[in-house]
Amino acid sequence: MFGTQSTRDISFEFQSQIPNWRPSIYTRRANITVKFQDLYGFTVEGNVDDVNVLNEVREKVRQQGRVWWALEANKGANWYLQPQISSISEGIALKSSLKLSALTNTITLKRLIRKGIPPVLRPKVWFSLSGAAKKRSTVPESYYNDLTKAVEGKVTAATRQIDHDLPRTFPGHPWLDTPEGHATLRRVLVGYSFRDSDVGYCQGLNYVAALLLLVMKTEEDAFWMLAVLLENVLVSDCYTNNLSGCHVEQRVFKDLLAKKCPRIAAHLEALEFDVSLVATEWFLCLFSKSLPSETALRVWDVLFNEGAKVLFHVALAIFKMKEEELLLAHQVGDVINILQKTTHHLFDPEELLTVRKISH
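Residues numbered from 1 in each chain as written. Predicted model: local features only at pLDDT ≥ 70, side-chain atom pairs only at ≥ 80, totals over all residues. Heavy atoms only, no water.

Visitor: Could you clarify how one ought to interpret the overall build of the protein in this entry?
Guide: What the protein contains, in helices and strands, is 18 helices and four strands. When the 360 residues of the protein are sorted by exposure, 50% land in the buried category. Counting contacts in the protein only where the partners sit at least 6 residues apart, residues at least 24 apart contribute 72% of the total. (Helix = DSSP H or I, 4+ residues; strand = E, 2+ residues; numbered from the N terminus. Buried < 20%, exposed > 50% of the residue type's maximum accessible area, 1.4 Å probe, protein only. Contact = heavy atoms within 4.5 Å.)

Visitor: Could you clarify how one ought to interpret the environment of R66 in this entry?
Guide: Examined against the element boundaries, R66 turns out to sit in helix α1 (residues 48-75). Residue R66 is classed as partly exposed on the basis of its relative accessible area, which comes to 49%. When the C-alpha atoms of R66 and P118 are compared, they prove to be 9.1 Å apart, with 52 residues separating the residues in sequence.

Visitor: Explain the packing of aromatic side chains to me, please; I cannot follow it from the model alone.
Guide: To describe a pair of aromatic rings, you give the distance between the ring centres and the angle between the ring planes. What the rule picks out here adds up to 16 aromatic pairs. With centroids separated by 6.0 Å and ring planes inclined at 85 degrees, the aromatic side chains of F253 and F283 adopt a geometry described as edge-to-face. Taken together, the positions of F253 in helix α11 (residues 244-260) and F283 in helix α13 (residues 276-284) put the pair 30 residues apart, joining distant regions of the chain. For F283, a relative accessible area of 2% corresponds to the buried category. Connected via pairs of aromatic rings, a cluster forms that spans F253, W282, F283, F287, F312 and F319. Residue placement shows K75 over the ring face of W79; its charged tip is 5.5 Å from the ring centre. (Phe/Tyr/Trp six-rings, centres within 6.5 Å; stacked < 30°, edge-to-face > 60°. Lys NZ or Arg CZ within 6 Å of the ring centre and 35° of its normal.)

Visitor: Where do I start with the pattern of salt bridges in this structure?
Guide: The tally for this structure, following the rule as stated, stands at 18 salt bridges. The salt bridge partner of R58 is E294, with a shortest N-O separation of 3.1 Å. Remark: E294 occurs in helix α14 (residues 293-306) and R58 occurs in helix α1; sequence separation between them is 236 residues. Each member of the pair, R58 together with E294, is buried. Across the salt bridge formed by E59 and R62, the nearest N and O atoms sit 3.2 Å from each other. Taken together, the positions of E59 and R62, both in helix α1 and three residues apart, correspond to about one turn of that helix. On the accessibility criterion, E59 (29% relative accessible area) is partly exposed. Overall, R62 belongs to the partly exposed group, its relative accessible area being 38%. (Salt bridge = Lys/Arg side-chain N within 4 Å of Asp/Glu carboxyl O.)

Visitor: Teacher, can you tell me more about the nonpolar core here?
Guide: As a rule of thumb, nonpolar side chains are buried together in soluble globular proteins. Within the largest apolar cluster, 103 residues are counted, with the highest numbers of intra-cluster contacts made by Y239, W300 and F319. In this structure W300 touches W126, V208, L211, L212, C285, L286 and S288, once residues within four positions along its chain are discounted. (Core = buried A, V, L, I, M, F, W, Y, C linked by side-chain atoms within 4.5 Å.)

Written out as structure tokens, the structure is:
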């Protein structure tokens, strides 16, 4: 099922070949559990309604792809890779330099990305917009190969933890859970642990790097996407030994929940439920372990273009959509079960990524 041109060039044949799953008349019952494979090779369990939602989402993705191709025909090939405007003040300054088109492209691109990047374009768009391409351009072309060769065979606390976590990273996946998948993921994680000794390796990064490998075309591109995430996109010190950045995220989210959902916050406090019980994994794994992969990657589309704020908005949306059910919970375990069930069956990204929920 998985073809690899080389160890460092990863391709996934199934991405364009999986047909829509159409239930027979004998299985049109919501209480029947079925298993199916998503676009990135993960086996997903759900009911017939879940499958129908996923098929509808995929049709929307195909329609969105046609919008991207039409814009490419109108604006020129790779128009979305042109320099973007990062702030209003920058946009005003550029107007005087006849760069109004760049501002227009930025607004158009933001709207497009919130509706989803076509999977075939995702590697190229992510690599440019996130800053990974620029980061790679500042070092010699052989940087990654030289790094992996230099650290080969070295043993540290980080490499030992990585080796321990490899078989626990998306077990059962048809490529990740193979000797080749483990070796590729190991090179990326070990390489980065030597690039940034302050971070080294933190549990959670294995899931993030694994999903990056499934999306990006090459192992090296996945490495640079991991680097730009940790060094530029996310809150500082999220993955250092004391997880200080992650603790900051928890406090920010707790305050945001109290402000936006005061009834939920008060009820959870009465139950002595700490949001870190669920939000720690959400933020450290960037929802890769909790949301279906196709939904998680829609969150990442926005993350790489607009920054880490989307993580807070998505977390808040999960609580908001189950507000009434959460208010009826009487135990901490009930809250956790509600949230886990909700995230595992969120096959429609639009439930999370509406403009209202992710804009200031």
